[in-house]
Amino acid sequence: MEASTRIVCKFGGSSLASATQFRKVEAIVRADARRSIIVPSAPGKRDAKDAKITDLLYLCQHAASVDADFSATFAQIEERFLGIERELGLDASLAAELASLREGFARGISADHAASRGEYLSGRLLAALLGAEFVDPAECVVIGANGLVDPETWALLGARLADPARRCVVPGFYGRDAEGNIRTFSRGGSDVSGAVAARAAAAALYENWTDVPGLLMADPRIVPNPKPMDEVTYAEIRELSYMGASVLHEEAMAPVRDARIPVNIRNTNDPSAPGTRIVAELSPETIKNTQIAGVAGKASFAMITISKHLMNREVGFVYRLLGVLEHNGIAFEHCPSSIDSVSVIVDAQGMESRAQQVLAEIRRTLEPDALEYVPKVALVAVVGEGMSHAIGIAAKVFAALAAAEVNVRLINQGASELNIIVGVAPDDYPAAVRAIYGAFVP
Ligand code: ASP
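In this report, the structure presented in the accompanying data block is examined. (Residues numbered from 1 in each chain as written. Predicted model: local features only at pLDDT ≥ 70, side-chain atom pairs only at ≥ 80, totals over all residues. Heavy atoms only, no water.)

**Some thoughts on helix H2 (residues 53–65)**
Between its first and last C-alpha, H2 extends 18 Å over 13 residues, near the 18 Å set by a 1.5 Å rise per residue. Looking at the packing, one finds that the buried side of H2 touches helix H3 (71–87), helix H4 (94–107) and helix H5 (111–130). Once H2 ends, the next one or two residues include Asp67, with phi positive near 60°. (Helix = DSSP H or I, 4+ residues; strand = E, 2+ residues; numbered from the N terminus. Expected span 1.5 Å × (residues − 1). Contact = heavy atoms within 4.5 Å.)

Next up, the structure:
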């Protein structure tokens, strides 16, 4: 079989917020014949004060469900869609669609059904604009009771997308459940829909078009103007997003990672910029030119440290420690240890109300020489594939922290060999992130 060259393009809400944005999307799609599967979000905000169509739909549905008046909110939805249709000079029969939606609200459609109409109508418009076939996910994307895509989807959607010569628009965010009712993914789920379409069509590439220049190497609220990453692996993304970096929707990675389909994050407002590529393996060029993928972190952990002389000879010590956590329903995040001491890092919020009980139980079961509890620590993760083999990375990290006068409370090099994690006081967290970022990006 010939290798696929098809590209799935997902456009986020801000990329479809107005007629002008629709025109940009049209130009991007037409610029490359391989862009044959298009997955739109519902129109998002045009500016900071604006409303997202999806939020308005939830509001209408809620009002209708308690017999309150939803006409003013509905009028906003109507105005947005009809305005875009008019400005684009299209006839996508949206007036009739909106009339039946209004009836639906009065009839009591579900919240999922209501929310899905944003993507549905956006898809109708885009299909008309592109002269493309409209593929309704209510017919071919199955969402399981757990909210995740059901494997039945691969064959169903795959069949609808089989002809590479036809350009299709498949709205994001929704599908149907086993009973045939409309069901949505969780919020932001059009990212997931794009990944699902890419996997079902065995696409060569999943382009995710947004309003940012790519995935950033650090949190822009802490580091001013951080650099976008050129290329990053699925595994690095997993580490960075677990540590709080905002990337794609969590559930969007699995379908493309499993099928090894690369992802390219692009900017609709700057289509000539290359964006960020997410791949299974880094290219030799990236390996040569970059030392780390990025820095991320969270200030929401707690740490328990237990010391006991000759702990290393006590069989089952850590087992019993984790047993106490299990018994109290607390998951642990990291567990760095030394000969006679071990720490567990847990989510601070889950620990808060149970701390005294957990500590008492640890004292009773493990009889430690010392027990320390730090209710708030921040963890900073420096993430980079192959970084454990490169010389001098750790030295750079710790020299930067020392120069910034940040006291390091714990160090953990993950067994995955793609991160170094340092624990610092929450007040030192921003300074730590800035210092580490500055050490790698001059
Ligand atoms: N429109 C949906 C939301 O606002 C899905 C998406 O945009 O990805 O959550």
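More follows now that the structure is in view.
**Digging into the pattern of salt bridges**
The tally for this structure, following the rule as stated, stands at 21 salt bridges. Two residues, Glu97 and Arg124, come together in a salt bridge whose shortest N-O distance is 3.7 Å. Highlighted residues: Glu97 in helix H4 and Arg124 in helix H5, separated in sequence by 27 residues. Salt bridges sharing common partners tie together Arg23, Glu26 and Arg30. (Salt bridge = Lys/Arg side-chain N within 4 Å of Asp/Glu carboxyl O.)

**Focus on the side chain of Glu231**
Within the secondary structure, Glu231 sits in strand E8 (residues 231–233). Separated by 2.5 Å, the side chains of Glu231 and Thr286 make a polar contact. The residues touching Glu231, leaving out its near neighbours within four places in the chain, are Arg277, Val279, Leu282, Ser283 and Thr286. (Polar contact = N/O pair within 3.5 Å; in protein donor to acceptor, adjacent residues only side chain to side chain.)

**Observations regarding the site of the ligand**
Taken together, Ser41, Lys52, Thr54, Glu119, Phe173, Arg187, Gly188, Gly189 and Ser190 make up all the residues around the ligand. Ser41 is positioned with one of its side-chain polar atoms (N or O) 3.1 Å from an oxygen atom of the ligand. Gly189 places a polar main-chain atom, nitrogen or oxygen, 3.4 Å from an oxygen atom of the ligand. Out of a free accessible area of 260 Å², the ligand has 94% covered by protein chains. When its residues are assigned to classes, the shell around the ligand shows one nonpolar, five polar and three charged. (Near = heavy atom within 4 Å. Areas by Shrake-Rupley, 256 points an atom, 1.4 Å probe, with all protein chains shown as cover. Nonpolar A, V, L, I, M, F, W, Y, C, P; charged D, E, K, R; others polar.)

**Focus on the packing of aromatic side chains**
Where two aromatic rings form a pair, the distance of their centres and the angle of their planes describe that pair. Tallying each qualifying case throughout the model produces five aromatic pairs. On the numbers, 6.0 Å between centres and 85° between planes, the contact of Phe74 with Phe105 is edge-to-face. Separated by 31 residues along the polypeptide, Phe74 in helix H3 and Phe105 in helix H4 bring together distant segments of the chain. The pair Phe74 / Phe105 is uniform in exposure class, with both members buried. Seen from their ring centres, Tyr120 and Phe134 are 5.5 Å apart, and the 85° between their planes marks the pair as edge-to-face. Taken together, the residues Tyr120 in helix H5 and Phe134 in strand E3 (residues 133–134) connect sequence positions 14 residues apart. An identical accessibility class is assigned to Tyr120 and Phe134; each is buried. Here the aromatic cluster, defined as three or more aromatic residues joined through ring pairs, consists of Phe70, Phe74 and Phe105. Here Arg117 stacks its cationic end above the ring of Tyr174, 5.4 Å away from the centre of that ring. Positioned above the aromatic ring of Tyr242, the side-chain terminus of Lys298 is 5.1 Å from the ring centre. (Phe/Tyr/Trp six-rings, centres within 6.5 Å; stacked < 30°, edge-to-face > 60°. Buried < 20%, exposed > 50% of the residue type's maximum accessible area, 1.4 Å probe, protein only. Lys NZ or Arg CZ within 6 Å of the ring centre and 35° of its normal.)

**Remarks on the layout of surface pockets**
The calculated volume of the largest pocket comes to roughly 1,000 Å³. What lines the largest pocket is a set of 46 residues, among which Thr210, Asp211, Val212, Ser246 and Val247 lie closest to the centre. Among the secondary structure elements, those contributing two or more residues to the lining of the largest pocket are helix H8 (190–200), strand E7 (205–210), strand E11 (294–307) and helix H16 (429–440). Among the residues forming the lining of the largest pocket, the class breakdown is 21 nonpolar, 16 polar and nine charged. When its volume is computed, the second largest pocket comes out at roughly 580 Å³. Every residue lining the second largest pocket is counted, 27 residues in all, and those nearest its centre are Thr286, Asn289, Thr290, Gln291 and Ile292. Here the lining of the second largest pocket takes four residues from helix H11 (residues 284–289), the largest share from any one element. Along the lines of polarity and charge, the residues of the lining of the second largest pocket split into 13 nonpolar, seven polar and seven charged. (1 Å grid on protein atoms, 1.4 Å probe; cavity = no way out; pocket = protein on both sides within 12 Å on 5 of 7 lines; lining within 4 Å. Points joined across faces, edges and corners; volume = space filled by probe spheres on them.)

On their own, these measurements won't tell you what the molecule is for.
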